[in-house]
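Commentary on secondary and tertiary structure
This is what each chain is made of:
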Amino acid sequence: MSLKCGIVGLPNVGKSTLFNCLSNAKAQSANFPFCTIEPNVGVISVPDDRLTKLVEMCNPRSTVPATVEIVDIAGLVKGASKGEGLGNKFLANIRECDAILHVVRCFDDDNVTHVDTTVDPVRDLEIINYELQLKDLETVDARLAKTLKAAQTGGDKQAKIQAAVLQQYKDALESGQPARSVEFETKDEQKYAHELFLLTNKPVMYVCNVDDDSAVDGNHYVDEVRKAIEGTGSNLLIVAAKTESEIAELDTFEERAEFLESIGLKESGVARLIRAAYALLDLQTYFTAGPDEVRAWTFIRGTKAPQAAGIIHTDFEKGFIRAEVIKYDDFVTLGSENAVKEAGKMAVEGKEYIVQDGDIMHFRFNV
């Protein structure tokens, strides 16, 4: 399951610094590597202590973690919706992403020039949100004109549904609200809304880039951002990119752990960012575990057993018979699959079973 998060923000807010921290293998333990697939795109493994524990217990020949693709998108400037800066290329890059990590500058530093001369994170995030809303409004207006014509002249039922969706989006965007603020009741409306791929319909996490002293508790800039996004359904994460750069330079896990403890952090902001990106996409993990391989499989919350099996191979879903499920805690407590079976802790589940985060699965199928 290939899922992509785009790092966005104004120039000089710390986007590339964060991306470079992610790309530096020394910033991570061996359990969550980084692979650059394009100059500004990387595939990053999701840190998961459960996977580490299963590997210790099973001693497999190979290990495959869950991953998220991270894209460092060039800095947006005011007027991007009209072609300023990288303009449409920037916006096209965002359109290809499933979620947005919006970095805002929450630190003072005379040596780092701000594109608007002063530090004001709320103004900065509003600039980007405004540009994205303008582009979405342009998309909606163009489609609405065509759809209304089809709905009125041809009596097309589907066109009427689409026109209603587009009109609701238009009303929201013109009032300064993102597309994600609009909720639809019917499946037809929801399906068409998803197919529009509007920029402001994507889930957003605001990443406040702070100075070293604010890495734990944040600062007044962070408080301003938190107040500004209240009620929007978006999350906030505090990261000190400069501190993360220093962590990335350390050679061993022990050195990194000692450094983090000295500044009052239990884990690096990079690790928290990766995990938060995974959660932002409403993703969870199930495992397959044995002597050949321990692997983390990514699924969307609420997925049923046959569809989860299909993530491994389409034949597993087509010929699904049942799923044998072991809870992670039972596996760790009892020590092995056989011990779990003997204790009567292995469940046999059918097609309606909703897979839970951390399940250890074995699928039975026949094609």
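Some thoughts on the environment of V225
Position of V225 among the secondary structure elements: in helix α7 (residues 220-228). For V225, a relative accessible area of 0% gives the class buried. Between the alpha carbons of V225 and C208 there is a distance of 8.1 Å; along the sequence they are 17 residues apart. Beyond its immediate stretch of four places on either side in the chain, V225 contacts V104, C106, P121, V122, L125, Y206, C208 and L236.

Regarding the nonpolar core
Grouped together as the largest cluster of nonpolar side chains are 72 residues, with contacts concentrated most on C5, L22, I70, L101, C106, V207 and V225. Counting residues per element, this core draws most heavily on helix α10 (residues 269-280), at 7 residues. Setting aside residues no more than four positions away along its own chain, C5 makes contact with V68, E69, I70, V71, C97, A99, L101, A277 and L281. Grouped together as the second largest cluster of nonpolar side chains are 16 residues, L144, L166, V182 and L196 included.

Looking at the pairing of strand β8 (residues 235-239)
Both strand β7 (residues 204-210) and β8 contribute to a ladder of 5 bridges, which runs parallel. Within β8, the position partnered with Y206 by the bridge is L236.

Focus: helix α2 (residues 49-58)
What α2 keeps buried is the set R50, L51, L54 and C58. Axial view of α2: buried residues confined to an arc of 100°, hence all on one face. Those residues of α2 that are exposed and angled more than 90 degrees off the buried face are D49 and E56. Buried residues along α2 sit in contact with β4 (62-64), β9 (283-289), β10 (293-300), α13 (328-334) and β13 (360-365).

With respect to the pattern of salt bridges
Tallying each qualifying case throughout the model produces 17 salt bridges. The partner of K15 in a salt bridge is D72, with the nearest N and O atoms 3.8 Å apart. Of this pair, K15 sits in helix α1 (residues 15-23) while D72 sits in strand β5 (residues 67-72), and the two are 57 residues apart along the sequence. A relative accessible area of 6% places K15 in the buried class. Residue D124 is joined to R123 by a salt bridge in which the shortest nitrogen-to-oxygen separation is 3.1 Å. A relative accessible area of 2% places D124 in the buried class. One connected set of salt bridges, linked through shared partners, spans D48, R50 and D357.

Concerning helix α11 (residues 305-312)
Buried within α11 are the following residues: A305, P306, A308, A309 and G310. Check the buried side of α11 and you find it contacts β9, α12 (314-318), β11 (320-326) and β13.

Some points on a negative patch on the surface
A surface patch of like charges, here negative, comprises E254, E255, E258 and E261. Of note, E261 is situated in helix α9 (residues 253-262).

Quick look at the state of the cysteines
Counted by the stated rule, this structure contains 0 disulfides. A disulfide-free cysteine, C97 has its sulfur positioned 7.5 Å from the sulfur of C5, the nearest such atom. For the unlinked cysteine C106, the closest cysteine sulfur is that of C208, found at 3.9 Å. Its relative accessible area of 0% is what places C106 among the buried residues.

What about the packing of helix α5 (residues 157-174) against helix α6 (residues 187-195)?
Where α5 contacts α6, the two axes come as close as 9 Å, and the packing angle between them is 65°. In terms of crossing hand, the pair formed by α5 and α6 is right-handed. Taken together, the residues of α6 that come into contact with α5 (itself represented by I161, Q162, V165, L166, Q168 and Y169) are D188, E189, Y192 and A193. Grouping the constituent residues of the contact of α5 with α6 by class yields 6 nonpolar, 2 polar and 2 charged.

Some details on unusual backbone geometry
Of note in the backbone geometry, N12 takes a positive phi value of approximately 65° without being a glycine. Following the sequence through the fold, N12 ends up in the loop between β1 (4-8) and α1. Of the residues examined, N12 reaches a relative accessible area of 45% and is grouped as partly exposed. Phi is positive for F197, close to 50°, though the residue is something other than glycine. Among the secondary structure elements, F197 is positioned in the loop between α6 and β7. For F197, a relative accessible area of 43% corresponds to the partly exposed category.

Cut-off values and rules
Throughout, a residue's number is its position along its own chain's written sequence, starting from 1. Where local features are concerned, this predicted model is filtered to residues with pLDDT of at least 70; where side-chain atom pairs are given and counted, the filter is 80 or more; whole-chain, interface and lining totals use all residues. The basis for every side-chain value is the complete set of heavy atoms in the structure, and neither hydrogens nor water enter the calculation. Segments assigned H or I by DSSP are reported as helices when at least four residues long, segments assigned E as strands when at least two residues long, and all are numbered from the N terminus. Categorising residues by exposure relies on relative accessible area from a 1.4 Å probe, with only protein chains included: less than 20% of the type maximum marks a residue as buried, more than 50% marks it as exposed, and the intermediate range marks it as partly exposed. A contact between two residues is defined here by any heavy atoms of the two lying within 4.5 Å. Put simply, buried Ala, Val, Leu, Ile, Met, Phe, Trp, Tyr and Cys residues joined by side-chain atoms within 4.5 Å make one nonpolar core. At least two bridges found by DSSP between two strands is the condition for calling them paired. Read the arc as the range of directions from the helix axis to the C-beta atoms. Any Lys or Arg side-chain nitrogen located within 4 Å of an Asp or Glu carboxyl oxygen qualifies as a salt bridge. Residues form patches when they are more than 30% accessible in relative terms and have no salt bridge. Like charges link within 9 Å. Nonpolar side chains (Val, Leu, Ile, Met, Phe, Trp, Tyr) link within 5 Å. Here the Shrake-Rupley method, with its probe set to 1.4 Å, supplies the accessible areas, and only the displayed protein chains count as covering residues. Here Asp and Glu are counted as negative and Lys and Arg as positive; His is not counted, and neither are the chain ends. A charged residue contributes its charge at one atom only: NZ of Lys, CZ of Arg, CG of Asp or CD of Glu. Two cysteine sulfur atoms form a disulfide, by the criterion used here, when they sit within 2.5 Å. Every axis corresponds to a line fitted to the C-alpha atoms, with the helix fit spanning only the stretch in contact, and the corresponding angles, defined between N-to-C directions, vary from 0 to 180 degrees. In this scheme, a crossing is called left-handed if the near helix is turned counterclockwise away from the far one by less than a right angle; it is called right-handed if the turn is clockwise. All amino acids are sorted into three groups, where Ala, Val, Leu, Ile, Met, Phe, Trp, Tyr, Cys and Pro are nonpolar, Asp, Glu, Lys and Arg are charged, and the leftover types, Gly among them, are polar.

No statement about biological role is implied by the geometric values presented.
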